[in-house]
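This is what each chain is made of:
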Amino acid sequence: MVETIKIKKGLDLPIGGEPLKEVIDARSIERYAVKPTDFVGFTPRLLVAEGDTVCAGQPLVEDKNDTRLTLPSPVGGTVTAIVRGEKRRLLEVVITSRTGSKSSTNQPNLTPDSPCWWMIKERPFGTIANPDHKPKGIFVSMRDTTPLAPDLDFALKGREHELEAGIKALEAYGTVHCVKAQGPHPAGNIGTIVAALDPINKGECVWSVGAQDVANIGRWCLTGEYRPERVISGGGPAAKAPKHYRLLCGANVQRICDVQLMDTSYPSMTGSTTTSSTRIISGSPLSGTTIKADGFLGMYDQQLTFIEEGDQYDFMGWLMPGLKKFSFSKTFLSGLMLPFKAMEPLMPVKPSFSFNTNMHGSVRPFLFTGQFERVFPFDIYPLQLIKACIVGDVELQEKLGIYEVEPEDFALCEFIDPSKTEIQTIIREALEVLRKEAMA
Amino acid sequence: MNMKWLEQWFEKIEPKGKWAWLGSTYEAFHTFAFTPKTVTRSGSHIRDAVDMKRSIIIVVIALLPALLFGMWNIGYQTNLAAGTDWGFWHCFWFGLLRMLPMIVVSYVVGLFIEFAFAQYRGHEVNEGFLATGLLIPMIVPVTTPLWQLALAVAFAVIIGKEVFGGSGMNFLNPALVARAFLFFAYPTHMSGDKVWIANDLWGSDAIAGATPMGELAAGMHPSASALDMLIGTIPGSTCETSVIAIALGALLLLFTGIASWRIMLSVFLGGGLMGLLFNAIGYNEYMQLPFYYHFLMGGFAFGAVFMATDPVTAAQTNTGKWIYGLLIGAFAVLLRVCNPAYPEGMMLSILFMNCMAPLIDHCVVAQNIKRRAKRAAAIGKEAHNG
């Protein structure tokens, strides 16, 4: 049932703070938030008010453009805060859970108005699946290759029958491909998988669901209980005790941060200094979102990453040998060590790299070529597509295959780029223009 | 090493208010001393340690073996021609003193223009010229007058690069633009057999010393052996003669991934194939020359390693790089053998292919576009029939 693909191009980052195979139950976290900003193209209309009592699965906001699309409350409880940003933009609906509250009573099957619908994403554009579209396939990645991601086999242990039920429910909408990708990151990205099996053409769409969400859909269909549960990884070079956590979507991360950023009681994993602050990222270090220590996990994210802020100068950084600096280009002395990775078990001291949030250089025009291709397993010319996006040539973008990609597919290109261009932002903005055009 | 004091000094002197227009110059020196403390804002939170400065400095380091050998060879050639008996260090110091003024002139003139343009545009100063500025004095005859060199550098930076928008926007290799400028503006200083050997330290009285290609163009067999050419103890442009020294640089460029192995390999392949073709024809002495002589003579190896691989002016697609390199090698040998007006074909061949590179890329990318359109059309037809 599980298909496999083999990918050769890519890069697995030797980043520290890999979480231990040990799950801590964090389902007792009390505060949760639904963030409409996690959903591309979602124009929220609030359905609840502060102080309202809600049950798990009850819609909190709906999309103004398509009222069938709603974002449900992950738990039963009380709406304790509604956070707005600039121009009254809705940022968070915060729910404080109350034990003993019932799940919403609904027909336990997968329909657009069931609370699980938001788990299905659509490509191109990365929106919530449009129920009117007919996808040419529904893709589930069974191996997450992003750095520090949870091992999905481990995360789904014991949920096999739910997974099966979820796949069955999804089959009502199209062929389901569960794919276990082999090879370096981005092998496990949905974009890579779709490109390898059945690339998207203009006018077509595919849907994708996270493997753990398939199990959540399965649970909903089997029992009628809406409980969007995930095993997430909490790690990264600045984490004190990288571990897995079992929790519900949109959980508050305060308690996890307290443990992971504590100075004492846990030996430092990487020997990193605690003088500068730490960035907390909901999602992967390559394309996640920065959140505050009392913030909430993103709805689709299954990672919490802790990385040291790199806001320090580096004296003659461009000239120093750089034994601790990681570079894909082998322009630092550390590049000499990497070929010996196979000998690592024999080495007395394992090579460890200091990853932080420093840009490691200033922004420049594109000078070098041929690097992106080495980490970009698509039949697409990445540099040419990026340039087409920068100049806003929509026709050329379409010709070069913009519909086959999402910003996250360019994450490694952005990482290795010596010109320090914000490629994912460029791709997202280009896709937004196309999406709005398609809607109009 | 605690450089806190320097950090603070830089922060103290940051130009503000009425001096704010000096931002580009300040930024250039500041980032030279320190990689900035800028952190990522969006997208990937972590970044590769490599940046433009690091990439360019690798090119400069890769040039050093050829540069050092070239310095020694300047002295050695003078020594041979004058019939004196200089030791190793004497030769080296002589060459160093001849090269140094050229390097200084190239950097001062070029960087001044770069800074001026960056200031004018409010851009940051691009580090690309650190490589270009060293390349230019390495590919001219040692007797080139400094004022000509200065003119050539200015021409290359302004007309070759800045009018198109600066580094990354130019379509011709700036170092070769400088050489082409000298070649066409001052032909008597750039070819013949009187320009390759420095007389005394400051003098410019000509000493005859023909390059192997000069001899071949005159219909003679080269007097230097293949081994001499491999090591580089022959007359020629300042730092292009030693294939071994160039190979050392090539190894660094290839290991670090800064230069494209596809281009480097295909230039030699193209040159070799063309040489073999001429061997098969065998019409005259030049055509009968064993094909590998072309790799050893003149600027072929230097051009293949340091000039053709300039990523900005080369083809950008991987397939395009093969075509681009093959044609550079083939045209260079073709020009050498068939056009006695230009003894060295490498420079013109690379410049010509610089012009052709966008066309090559266009055709390669068009194939990808065609493939995608075909796929979409097939799906459309299927949907129509079904």
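Small disclaimer: the values here were computed from a predicted structure and weren't measured.

Student: Account for the overall build of chain B, with residues named and values stated.
Tutor: On a plain count of helices and strands, chain B comes out with 17 helices and one strand. Taken over C-alpha atoms, the radius of gyration comes to 24 Å for chain B, in line with the 21 Å a tight globule of 386 residues would show. Overall size of chain B, expressed as C-alpha extent along the three principal axes, is 75 × 70 × 35 Å. Across the 386 residues of chain B, 56% fall into the buried class. Surface accessibility of chain B: about 16600 Å² in total, with carbon and sulfur atoms responsible for 70%. Computed over 23 positive and 22 negative side-chain charges, the separation of the two mean positions in chain B equals 14 Å.

Student: How would you sum up the interface of chain B and chain A? Please name residues and give values.
Tutor: At the interface, 63 residues of chain B touch 81 residues of chain A. Here chain B packs against chain A, burying approximately 6300 Å² in sum over the two surfaces, 56% of which is carbon and sulfur. If you sort the residues of chain B by the area they bury against chain A, His45(B), Ile46(B) and Arg47(B) come out on top, with a joint share of 14%. The tally of links from chain B across to chain A stands at seven salt bridges.

Student: I'd like to hear about the sheet that holds strand β1 (residues 2-6) of chain A, residue by residue, with values.
Tutor: As a general point, the strands of a sheet are linked pairwise by backbone hydrogen bonds and lie either parallel or antiparallel. Residue and element names in this part refer to chain A. Pairing is mixed in the open sheet, where six strands are placed in the order β1-β13-β12-β14-β10-β11. This sheet does not close on itself; its edge strands, each paired only once, are β1 and β11 (127-128). Helix-sheet contacts for helix α3 (residues 190-197) involve β1, β10 (121-123), β12 (138-141), β13 (176-182) and β14 (206-208), and the interaxial angle to β12 is about 125°.

Student: Pulling in residues and values, what's your account of empty space enclosed by the protein?
Tutor: One pass over the full model with this rule turns up seven cavities of 30 Å³ or more. Together, 23 residues line the largest cavity, and Ile56(B), Ala131(B), Thr132(B), Asp310(B) and Pro311(B) are the ones closest to its centre. Put simply, the parts of the chain that give the lining of the largest cavity at least two residues each are α3 (52-82), α5 (129-138) and α7 (174-185) of chain B. With three residues, α5(B) is the single largest residue contributor to the lining of the largest cavity. By volume, the second largest cavity is sized at about 90 Å³. What lines the second largest cavity is Phe328(A), Ser329(A), Phe368(A), Gln371(A), Ile416(A), Pro418(A), Asp48(B), Val50(B), Ser55(B), Gly257(B) and Ile258(B).

Student: Go over the nonpolar core with me, naming the residues and quoting the values.
Tutor: Side chains of a nonpolar character, in soluble globular proteins, are inclined to be buried together. The biggest cluster of nonpolar side chains holds 150 residues, and the ones touching the most others in it are Leu253(B), Phe302(B) and Tyr324(B). A total of 14 residues in this core trace back to one element, the largest contributor, which is α3(B). Residues within four places of Tyr324(B) in sequence aside, it is in contact with Ile263(B), Ala308(B), Thr313(B), Ala314(B), Ala315(B), Ile350(B), Met353(B), Asn354(B), Ala357(B) and Ile360(B). Residues Phe42(A), Val75(A), Ile128(A) and Ile232(A) belong to the second largest nonpolar core, which totals 64 residues.

Calculation notes
Residues numbered from 1 in each chain as written. Chains lettered and ligands numbered in written order. Predicted model: local features only at pLDDT ≥ 70, side-chain atom pairs only at ≥ 80, totals over all residues. Heavy atoms only, no water. Helix = DSSP H or I, 4+ residues; strand = E, 2+ residues; numbered from the N terminus. Rg over C-alpha atoms; globule rule 2.2 N^0.38 Å. Buried < 20%, exposed > 50% of the residue type's maximum accessible area, 1.4 Å probe, protein only. Areas by Shrake-Rupley, 256 points an atom, 1.4 Å probe, with all protein chains shown as cover. Lys, Arg positive; Asp, Glu negative; His and termini not counted. Charge placed at Lys NZ, Arg CZ, Asp CG, Glu CD. Contact = heavy atoms within 4.5 Å. Buried area = accessible area lost by both parts, 1.4 Å probe. Salt bridge = Lys/Arg side-chain N within 4 Å of Asp/Glu carboxyl O. Pairing = 2+ DSSP bridges. Axes fitted to C-alpha atoms, helices over the stretch in contact; angles between N-to-C directions. 1 Å grid on protein atoms, 1.4 Å probe; cavity = no way out; pocket = protein on both sides within 12 Å on 5 of 7 lines; lining within 4 Å. Points joined across faces, edges and corners; volume = space filled by probe spheres on them. Core = buried A, V, L, I, M, F, W, Y, C linked by side-chain atoms within 4.5 Å.

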